[in-house]
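Spelled out from the first residue to the last, the chains are:
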Amino acid sequence: MKKIITMLFFLIVSMTLSAQSAGNLEGKWIFKKALNKKVDDLGRQTLKADIIDKMTFEFKNNSEFIAFAFGQNMNGKWSFNEKTKSITLITSEKEKFNLLVLKLTEAEVIFKLGLGQFLMKKI
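Keep in mind that this is a model prediction, so the values were computed, not measured.

What counts, and at which threshold
Residues numbered from 1 in each chain as written. Predicted model: local features only at pLDDT ≥ 70, side-chain atom pairs only at ≥ 80, totals over all residues. Heavy atoms only, no water. Helix = DSSP H or I, 4+ residues; strand = E, 2+ residues; numbered from the N terminus. Pairing = 2+ DSSP bridges. Core = buried A, V, L, I, M, F, W, Y, C linked by side-chain atoms within 4.5 Å. Buried < 20%, exposed > 50% of the residue type's maximum accessible area, 1.4 Å probe, protein only. Contact = heavy atoms within 4.5 Å.

So, on to unusual backbone geometry. We note that Asp53 has phi near 60°; this positive angle belongs to a residue other than glycine. Summarising the element assignment, Asp53 is placed in the loop between helix H2 (41-51) and strand E2 (56-59). A positive phi angle, close to 55°, is found at Lys85, a residue other than glycine. As for its placement among the helices and strands, Lys85 is situated in the loop between strand E4 (72-81) and strand E5 (86-91).

Laid out in structure tokens, this is it:
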């Protein structure tokens, strides 16, 4: 179950960056909206109950991250590849995830993981 939760969390966080720098990633982000058009009723219920305005992700300037999802805290190291516009996350459990950044501004980030696209806002 924890692995599924971790995968879903990192699904929400994946994306490609559009001409931005890793400096804009630093800070704390909160999940606001799934941008996928095809989300079933169960998916919408899960989003409302467990994710929207609850899931957070913090990128620190020392290459560490802290995340809160589904009532669980996660942490590890992160790095940003300017060329591929992707974030690599390595959790404290040594799980590795690559996230694609579709859009990054000082206030918003849109991540893509698999078929999912997710909007997070800086808090």
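And the narrative resumes.
Before going further, it helps to examine the pairing of E2. Pairing between strand E1 (residues 27-34) and E2: four bridges, direction antiparallel. Bridge pairing links Ile30 to Thr56 in E2. Examined bridge by bridge, E2 and strand E3 (residues 64-69) share four bridges and lie antiparallel to one another. Looking across to E3, one finds that Phe59 is bridged to Phe65.

For the rest of this paragraph, the subject is the nonpolar core. By size, the foremost hydrophobic cluster in this structure holds 25 residues, and its most contacted members are Leu25, Phe31, Phe59, Trp78, Ile87, Leu89 and Val109. Ranked by residue count, the leading element in this core is strand E6 (residues 96-104), at four residues. Ignoring sequence-local partners within four residues, the contact set of Leu25 consists of Phe59, Trp78, Phe80, Ile87, Leu104 and Val109.

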